[in-house]
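Coordinate analysis (summary)
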Amino acid sequence: MTNLAGASTPTLTIEPGATLKAIQEEDAQQGYVDGLNDPEVSSYLITPNKGNETLETVRSFVRACWDSPSDLLIGLFVNQGHRGNVRLHDIDDKSAWIGIALFDRSVWGQGWAVRSLTTVCDYAAEELNLEKIYAGVDTRNDRSVKTFTNAGFKPCEIENHKPRGDFDQVWVLQK
Ligand SMILES: CC(C)(COP(=O)(O)OP(=O)(O)OC[C@H]1O[C@@H](n2cnc3c(N)ncnc32)[C@H](O)[C@@H]1OP(=O)(O)O)[C@@H](O)C(=O)NCCC(=O)NCCS
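Figured I'd write up the structure that's included with this text. Note that the coordinates shown come from a computational prediction; the quantities given were computed from them, not determined experimentally.

Conventions used here
Residues numbered from 1 in each chain as written. Predicted model: local features only at pLDDT ≥ 70, side-chain atom pairs only at ≥ 80, totals over all residues. Near = placed C-beta within 6 Å. Helix = DSSP H or I, 4+ residues; strand = E, 2+ residues; numbered from the N terminus. Nonpolar A, V, L, I, M, F, W, Y, C, P; charged D, E, K, R; others polar. Expected span 1.5 Å × (residues − 1). Buried ≥ 20, exposed ≤ 12 C-beta atoms within 10 Å, placed from the backbone. Core = buried A, V, L, I, M, F, W, Y, C linked by C-beta atoms within 7 Å. Contact = placed C-beta atoms within 7 Å. Arc of directions from axis to C-beta.

1. Let's talk about the site of the ligand
The environment of the ligand is made up of 22 residues, and the closest members are L102, W108, A113, D142 and K146. Looking at the shell around the ligand element by element, the count peaks at six residues for helix α5 (residues 142-150). Residues belonging to the shell around the ligand are distributed by class as follows: ten nonpolar, nine polar and three charged.

Printed below as a string of structure tokens:
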């Protein structure tokens, strides 16, 4: 497995003015912090500092992802603003896990989540040669269920997966 520590991604274009790219500490600004502290955004997220994020805690998370050999934290930028992130994590030779949080609620409901997942999953299949991408889905989270359904994920059984918080189903996208 390629060591992804310190690795970036190419800029992935969803459409003109809407791109995805691995982020570094300096990309994390106050809007990201404020969004994570918004209960509407964070209620279904698994975060160590829920509701009490600061620029320091968020930057430390971004740095940890950047330094990790098996994580990619990919920012969604629309009209030059950082609107949210897709995180590929626990990446191995064949599979990875994925999560998404659009911390800027003003962009919700416009299809950015589905298009971001599709673009990142295509990148993971084509450039990282991953065959399966798993997502932990909390079925009480209607938006998340619709998002992953529309991006082509399906509920699945997975053996030996570590419980990772509150989600009650594992979904998979298989290429
Ligand atoms: C979940 C999330 C990523 C969805 O983002 P989004 O940009 O609104 O998603 P999209 O616009 O791509 O739409 C996804 C689907 O959700 C639907 N949706 C929007 N608001 C909804 C609501 N209140 N209830 C149910 N579905 C809703 C959309 O209509 C769309 O489905 P459709 O095209 O079949 O109608 C975003 O709400 C978010 O970041 N939430 C907080 C973090 C989170 O819960 N992440 C998921 C955990 S992994």
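2. Structural notes on helix α4 (residues 112-126)
With 15 residues, α4 should cover 21 Å at 1.5 Å per step; its first-to-last C-alpha distance of 21 Å lies within 8% of that length. Considered for burial, the residues of α4 that qualify are W112, A113, S116, L117, T119, V120, C121 and A124.

3. Overview of the environment of W108
Tracing the backbone through its elements, the reader meets W108 in the loop between β5 (95-101) and α4. By C-beta crowding, W108 is classed as partly exposed, having 15 other C-beta atoms within 10 Å. Considered as a pair, W108 and R83 are 25 residues apart in the sequence and their alpha carbons are 9.6 Å apart.

4. Comments concerning the nonpolar core
Within the largest apolar cluster, 43 residues are counted, with the highest numbers of intra-cluster contacts made by V62, V86, I98, L117, V120, A124 and I133. With six residues, α4 is the largest single contributor of residues to this core. Beyond its immediate sequence surroundings of up to four residues, V62 is in contact with I23, Q24, E25, A28 and L73.

5. Quick look at helix α3 (residues 55-67)
With 13 residues, α3 ought to run about 18 Å at 1.5 Å a step, and its terminal C-alpha atoms sit 18 Å apart, in line with that. Those residues of α3 that fall on the buried side of the exposure criterion are V58, F61, V62, C65 and W66. For α3, the angular spread of the buried residues around the axis is 140°, confining them to a single face. Summarising the geometry of α3, the exposed residues directed more than 90 degrees from the buried face are E56, A64 and D67. Next to the buried residues of α3 lie α1 (30-36), β3 (72-78) and β4 (81-89).

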